[in-house]
Amino acid sequence: MLCTMREMLADAKAKKYAIPAFDVSNYEMMRAVLEVCEEERSPALLMGLEGDLQGKGMQLIPAMIKSASEFFDVPVCLHLDHARDFSLICAATEAGFSSVMYDGSVLPYEKNAEETSAIVRFAHGNGLTVEAELGHVGDAIVGNENATTSGDGDPEDTLTEPEEAYRFVERTGVDALAVAVGTAHGVYKKTPTLQIERLQEIAKACGIPLVLHGGSGTPDDQMQRAIENGICKINIYSDVVTGLNTGLKNKLNSISNPATWPMFVFEEARKLMKETVRQKIRTFGSNGRV
Ligand SMILES: [Zn+2]
């Protein structure tokens, strides 16, 4: 049985730790995350990405994660990452996700607040948790060679304003808020510097669990300071994918038989992904919590 994100984040907020939230694109990624969460006694927060949910993906990925959750002795939340339209959220609700992120961060404030409010009413009516975004976490370099962009500008242009965040949370009734305080998605060109004071002000103004996107590549000490100051969920994608691809590349370069059993081909990738997942869990302090 999946659980929602609400109870997970409430505990994280009360005890000042953060739960790493991992985007999982396939079976190997899912298994690495769930195994380490169980070994480390951490709540498991798995996320689906729109690109992976095309076609039958919207049925198959949630079905895989829901059934896998029965075999692991830790709470599992299945969260839809970065949905930009209502139809995707409806489809995810029907497919059994227990939590969704509506990302209206590129919209003007008024429109973002209006759309988010409507989605909160719909999702809460169906028992799902909602995360929204205010301010905009931009892209560093998209971690996908087929979709490389140089990003959408300087992330400092669209940082979250504390007073606006307060109004947004009051109006929308959202459960968690992704904030822009200096991180970016993808692989960084230069090390980010988080704006901790701004984060403190936002946390104080909002009173709900805050979310940090673009966690991959952000220095650990900065993330720990962010956790002390209200961040309860940190999204991780690029670091795990890097483990997957590095492991695969090393292994494939070392074998000559193209018919090698996938179980062996994925061996190093699994090991590297598990190391990354464990490192995030321990750094964010979500180990030993369940
Ligand atoms: Zn994100």
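All of the points below concern the structure found in this document. (Residues numbered from 1 in each chain as written. Predicted model: local features only at pLDDT ≥ 70, side-chain atom pairs only at ≥ 80, totals over all residues. Heavy atoms only, no water.)

### Description of the pairing of strand 3 (residues 76-83)
Line of reasoning, step 1. The buried fraction of strand 3 amounts to eight of the eight residues, a majority that puts the element mostly inside the structure.
Line of reasoning, step 2. In this structure, strand 2 (residues 44-48) lies alongside strand 3, joined through five bridges in parallel fashion. Bridging across to strand 3, Ala 44 finds its partner in Val 76.
Line of reasoning, step 3. Note that the unit made of strand 2, helix 3 (residues 57-69) and strand 3 has a crossover that is right-handed.
Line of reasoning, step 4. Where strand 3 and strand 4 (residues 99-102) come together, three bridges link them in parallel fashion. Residue pairing across strands places Leu 80 opposite Val 100, the latter belonging to strand 4. (Buried < 20%, exposed > 50% of the residue type's maximum accessible area, 1.4 Å probe, protein only. Helix = DSSP H or I, 4+ residues; strand = E, 2+ residues; numbered from the N terminus. Pairing = 2+ DSSP bridges. Right-handed = clockwise from strand over helix to strand, strands pointing away.)

### Some remarks on the packing of helix 2 (residues 27-40) against helix 3
Line of reasoning, step 1. Taken N-terminus to C-terminus, the directions of helix 2 and helix 3 make an angle of 30°; their axes are 11 Å apart at the nearest point. If you check the angle between helix 2 and helix 3, you find them roughly parallel. Considering only the axes of helix 2 and helix 3, their crossing is right-handed. Contacts from Tyr 27, Met 30 and Leu 34 in helix 2 reach Met 64, Ile 65 and Ala 68 in helix 3. (Axes fitted to C-alpha atoms, helices over the stretch in contact; angles between N-to-C directions. Parallel < 35°, antiparallel > 145°, perpendicular 65-115°, else oblique. Left-handed = near helix turned anticlockwise from the far one by under 90°. Contact = heavy atoms within 4.5 Å.)

### What to know about the coordination of the zinc ion
Line of reasoning, step 1. Around the zinc ion, the protein contributes the donor atoms His 82 (NE2), His 185 (NE2) and His 213 (ND1), which lie 2.0 to 2.1 Å from the metal centre.
Line of reasoning, step 2. Along the chain, the residues that donate to the zinc ion are spaced as H-x102-H-x27-H. You can see His 82 sitting in strand 3 and its partner His 213 sitting in the loop between strand 7 (210-212) and helix 8 (220-228), a full 131 residues away along the chain. (Donors = N, O, S within 2.8 Å, 3.2 Å for Na, K, Ca; no water.)

### Some words on the pairing of strand 1 (residues 19-23)
Line of reasoning, step 1. Burial analysis of strand 1 places five of its five residues in the buried class, the great majority of the element.
Line of reasoning, step 2. Alternating residues of strand 1 divide into Ile 19, Ala 21 and Asp 23 and Pro 20 and Phe 22, and every residue in both groups is buried.
Line of reasoning, step 3. Where strand 1 meets strand 8 (residues 231-236), four bridges bridge the pair, whose relative direction is parallel. Its bridge partner being in strand 8, Phe 22 is matched across the sheet by Ile 236.
Line of reasoning, step 4. Relative to strand 2, strand 1 is paired through three bridges, and the arrangement is parallel. The partner of Ala 21 across the bridge, within strand 2, is Leu 45.
Line of reasoning, step 5. The parallel pair strand 1 and strand 2, bridged by helix 2, forms a crossover whose chirality is right-handed.

### With respect to unusual backbone geometry
Line of reasoning, step 1. Positive phi, close to 60°, is recorded for Lys 16, a residue that is not glycine.
Line of reasoning, step 2. Structurally, Lys 16 can be placed in the loop between helix 1 (5-15) and strand 1.
Line of reasoning, step 3. Overall, Lys 16 belongs to the exposed group, its relative accessible area being 54%.
Line of reasoning, step 4. With a phi close to 45°, His 82 is a non-glycine residue in the positive phi region.

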